[in-house]
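# Breakdown of the fold
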Amino acid sequence: MFGRGFVRAARSKFVKGFASSARAPAVRRIGALGLAAGLTLAMTSTVALTEGKKTIPHGGLPGTPYERSFIAIKPDGIQRGLIGEIIARFEKKGFKLVALKLITPTPEIAAGHYDDLKDKPFFGGLVNFFSSGPVVAMVWEGSNVIKTGRQMLGATNPAASMPGTIRGDYAIDVGRNVCHGSDGPESAAKEIGFWFSPSELYNWTPADATWKYEKL
Ligand code: DAT
Ligand code: MG
């Protein structure tokens, strides 16, 4: 499932951006209709899936309950048995899991994910570490999930992370800080598009949605 096909798709998405990523059949139909109606490619390329009558772009709708963030548990988190703990924190907070997969990133995928850090002296070590074993790649959805998700992770350096945060509670070293979270709406959309195709994201309504949000 995550063999060469995924690698090719991930590479191609990274190079071309997620506007060119593979589309689920329903999405292709929406795209064709949009083009026929004279809509711009930029508009149709973000149309992904629907929840009820709402149209939710692949990268989410920042500033709404449908905001999305890419959250990953790094190889150290997996090796240390922290998958359940980290997922439980996001679940108990009330965020909605809309995508999840276990994958060992190739060095190319790791380098693509951290492309903005390619000039840093620690880049080589970071790529080696991130591609050293399975990671849990996820997309979580909810109001303010990008900012709140970063707060739940804690500061990049665990030494500066507050107790009660994931890194504050479970990590010591900046190079082994167990988790990743998108740092803003742009990186969230880019990372979600890099790691997941539209058909891998699930739109569903939690049974307790009205107990978490006054208005949806
Ligand atoms: P964050 O993961 O909090 O978004 P970042 O994007 O600046 O932080 O860096 C990505 C990862 O790179 C980070 O989680 C751990 C590693 N890293 C950052 N600074 C480092 C440093 N000074 N030495 C070693 N690894 C570092
Ligand atoms: Mg970062």
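Above this text is the structure in question.
Reading the values: rules and limits
Residues numbered from 1 in each chain as written. Chains lettered and ligands numbered in written order. Predicted model: local features only at pLDDT ≥ 70, side-chain atom pairs only at ≥ 80, totals over all residues. Heavy atoms only, no water. Buried < 20%, exposed > 50% of the residue type's maximum accessible area, 1.4 Å probe, protein only. Helix = DSSP H or I, 4+ residues; strand = E, 2+ residues; numbered from the N terminus. Arc of directions from axis to C-beta. Contact = heavy atoms within 4.5 Å. Axes fitted to C-alpha atoms, helices over the stretch in contact; angles between N-to-C directions. Parallel < 35°, antiparallel > 145°, perpendicular 65-115°, else oblique. Left-handed = near helix turned anticlockwise from the far one by under 90°. Near = heavy atom within 4 Å. Polar contact = N/O pair within 3.5 Å; in protein donor to acceptor, adjacent residues only side chain to side chain. Nonpolar A, V, L, I, M, F, W, Y, C, P; charged D, E, K, R; others polar.

Another point: helix 7 (residues 123-130). Listed as buried for helix 7 are Phe-123, Leu-126, Val-127, Phe-129 and Phe-130. Down the axis of helix 7, the buried set is contained in an arc of 165°. They therefore lie on one face. Residues of helix 7 that are buried in the fold lie against helix 4 (75-79), helix 6 (107-113), strand 5 (135-141) and helix 10 (185-195).

Next up on the list: the packing of helix 5 (residues 83-93) against helix 8 (residues 145-153). Two numbers describe how helix 5 lies on helix 8: the axes approach to 12 Å, and their chain directions differ by 135°. The angle between helix 5 and helix 8 places the two elements in the oblique class. You can see that helix 5 and helix 8 cross each other, and the crossing is right-handed. Across the interface between the two elements, Arg-89, Phe-90 and Lys-93 from helix 5 touch Thr-148, Gly-149, Met-152 and Leu-153 from helix 8.

The next subject is the site of ligand 1. Residues in close proximity to ligand 1 include Lys-74, Tyr-114, Leu-117, Phe-122, Leu-126, Arg-150, Thr-156, Arg-167, Val-174 and Asn-177, which together make up its full environment. One nitrogen or oxygen atom from the side chain of Thr-156 is found 2.5 Å from an oxygen atom belonging to ligand 1. Between an oxygen atom of ligand 1 and a side-chain N or O atom of Asn-177, the distance comes to 2.8 Å. The residue makeup of the shell around ligand 1, split by class, is five nonpolar, two polar and three charged.

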